[in-house]
Amino acid sequence: MAELVLTSPGEHSLRPLVEAALHNEWRLLQAGIHRTEQRIQAFEAQYGMSSAAFIQRYENDAFQETLDFAEWIGEYRLLERLREKAEIVQNIHIEN
């Protein structure tokens, strides 16, 4: 478990500011996830296969490199990172 301590020279509580920043970050990550999922769904529809099947075949060099395939793999990896970050932000607990 990671811990972070924030201090401020002022008398105002930092909690509302930190909570708002975390909420905004989570909202932005969710929007990014939604957009990325839509892009991936478009590739899946265009090529008639799931991303899991595409990734497996791509990693086994079953496809010739194209711009579409490079974008698809990039979107897939981006989605993984966005989901990881969203989970981290969502599980942050502010004490006190």
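It should be noted that the structure appears before, not after, this text.
What you are looking at is a predicted structure, and each value in this text was computed from that prediction instead of being measured.

Conventions we followed
Residues numbered from 1 in each chain as written. Predicted model: local features only at pLDDT ≥ 70, side-chain atom pairs only at ≥ 80, totals over all residues. Heavy atoms only, no water. Core = buried A, V, L, I, M, F, W, Y, C linked by side-chain atoms within 4.5 Å. Buried < 20%, exposed > 50% of the residue type's maximum accessible area, 1.4 Å probe, protein only. Helix = DSSP H or I, 4+ residues; strand = E, 2+ residues; numbered from the N terminus. Contact = heavy atoms within 4.5 Å. Expected span 1.5 Å × (residues − 1). Arc of directions from axis to C-beta. Phe/Tyr/Trp six-rings, centres within 6.5 Å; stacked < 30°, edge-to-face > 60°.

(A) Representation of the nonpolar core in the model. The biggest cluster of nonpolar side chains holds 16 residues, and the ones touching the most others in it are Phe54, Tyr58, Phe63, Phe69 and Trp72. Elements that contribute at least two residues to this core include exactly helix H1 (15-47), helix H2 (51-59) and helix H3 (67-90). Counting residues per element, this core draws most heavily on H3, which supplies seven residues. Once you skip the residues sitting within four places of it in the chain, tyrosine 58 turns out to touch Phe63, Glu65, Phe69 and Ile73.

(B) Fine view of H3. Over its 24 residues, H3 extends 34 Å from the first C-alpha to the last, a length consistent with the 34 Å expected when each residue adds 1.5 Å. For H3, the complete set of buried residues consists of Phe69, Trp72, Ile73, Glu75, Leu79, Leu82, Ala86 and Val89. In this structure, the buried residues of H3 make contact with H1 and H2.

(C) Inspection of H2 at higher detail. What H2 keeps buried is the set Ser51, Phe54, Ile55 and Tyr58. For H2, the angular spread of the buried residues around the axis is 100°, confining them to a single face. Opposite the buried face of H2, at more than 90 degrees from it, the exposed residues are Ala52 and Gln56. Of the residues trailing H2, aspartate 61 is marked for its positive phi of about 55°.

(D) Main features of the packing of aromatic side chains. On inspection of all chains with the given rule, the structure shows eight aromatic pairs. For the pair phenylalanine 54 and phenylalanine 69, a centre-to-centre distance of 5.4 Å together with 45° between the ring planes defines the contact as tilted. Separated by 15 residues along the polypeptide, phenylalanine 54 in helix H2 and phenylalanine 69 in helix H3 bring together distant segments of the chain. Grouping residues by exposure puts phenylalanine 54 and phenylalanine 69 together as buried. Within the aromatic cluster, the residues linked to one another by ring pairs are Phe43, Tyr47, Phe54, Tyr58, Phe63, Phe69 and Trp72.

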